[in-house]
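Tertiary structure, described
Single-letter residue listing:
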Amino acid sequence: NYERNKFFRGLYGWKQIIRKREKKYIYRREGLLDEIPNLRVDQSMFIIMQEHLNMMRKFLDDWEDKIDWTEFDIILKKEQEKMLKGWFDGREQRH
């Protein structure tokens, strides 16, 4: 489904592969969650910090007629909070 793919690509990013003759070019196209520190909990479930909530709301509001979403306030353990705050330090390891 085109709309579904567009949504998930905008959120998670994607890997684009272009083949020309005998060469193969691979590009990483970033999504919103490449810009926002996050902890992936499960498929289509992630944790972000309160300070990034407006960016996420704006993205999700653009899709409001096609998706259902819910936000929750949660309390993280110190270790989880440290992991989320140190997200940019380990970014290269996720790609």
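As a reminder, the structure under discussion sits directly above these lines.
Quick summary incoming for the structure in this document. The numbers attached to residues start from 1 for each chain and follow its sequence in the written order. Reporting of local features is limited, given that this is a predicted model, to residues whose pLDDT is at least 70; pairs of side-chain atoms are given and counted only at 80 or more, and all residues count toward the totals for whole chains, interfaces and linings. Side-chain figures throughout are based on the complete set of non-hydrogen atoms in the structure, without hydrogens or water.

Looking at unusual backbone geometry
For Arg-21, which is not glycine, the phi dihedral falls at a positive 55 degrees. Secondary structure counts use DSSP, requiring at least four H or I residues in a row for a helix and at least two E residues in a row for a strand, with both numbered from the N terminus. With respect to the helices, strands and loops of the structure, Arg-21 is situated in the loop between β1 (14-20) and β2 (23-29). Backbone geometry at Ser-44 places phi at a positive 60 degrees, although glycine is not the residue there. Examined against the element boundaries, Ser-44 turns out to sit in the loop between β3 (38-42) and β4 (45-48).

Examining the packing of aromatic side chains
Between rings of Phe, Tyr and Trp, where Trp is taken as its six-membered ring, a pair exists when centres lie within 6.5 Å; planes separated by under 30 degrees are stacked, by over 60 edge-to-face, and by other angles tilted. Inspection of every chain in the model, using the stated rule, returns five aromatic pairs. Summarising the aromatic geometry, the rings of Phe-7 and Trp-63 are spaced 5.4 Å apart at their centres and angled 75 degrees between planes, so their arrangement reads as edge-to-face. Note that Phe-7 is positioned in helix α1 (residues 2-12) and Trp-63 in the loop between α2 (53-61) and α3 (78-85), a separation of 56 residues in sequence. Take Phe-7 and Trp-63: they sit in the same class, and that class is buried. Taken together, Phe-7, Phe-8, Tyr-12, Phe-46, Phe-59 and Trp-63 form an aromatic cluster joined through their ring pairs. Burial classes follow relative accessibility: with a 1.4 Å probe on protein chains only, a residue under 20% of its type's maximum area counts as buried, one over 50% as exposed, and anything between as partly exposed.

Thoughts on α1
Restricting attention to buried positions, one finds in α1 the residues Phe-7, Leu-11 and Tyr-12. Along α1, the residues classed as buried sweep out an arc of 105 degrees about the axis, all on the same side. Those residues of α1 that are buried lie in contact with β1, β2, β3, β4 and α2. Identification of polar contacts relies on pairs of N or O atoms within 3.5 Å, with a donor-acceptor requirement for protein atoms, meaning one able to donate a hydrogen and the other able to accept it, and with residues adjacent in sequence counted only if both atoms are side-chain atoms. The backbone nitrogen of Glu-3 has a side-chain oxygen 3.0 Å away, supplied by the residue at the start of α1, namely Asn-1. Here the arc refers to the set of directions running from the helix axis out to each C-beta atom. Contacts were defined at the residue level, with two residues in contact if any of their heavy atoms lie within 4.5 Å.

Things to note about the pattern of salt bridges
A pairing counts as a salt bridge when a side-chain nitrogen of Lys or Arg comes within 4 Å of a carboxyl oxygen of Asp or Glu. Counted under the stated rule, the structure contains four salt bridges. Arg-28 is the salt-bridge partner of Asp-34, the closest N and O atoms lying 2.9 Å from each other. Two residues, Lys-85 and Glu-81, come together in a salt bridge whose shortest N-O distance is 2.9 Å. A residue pair is termed a helical-turn pair when its members lie 3 or 4 positions apart in one helix, as Lys-85 and Glu-81 do in helix α3 at four residues.

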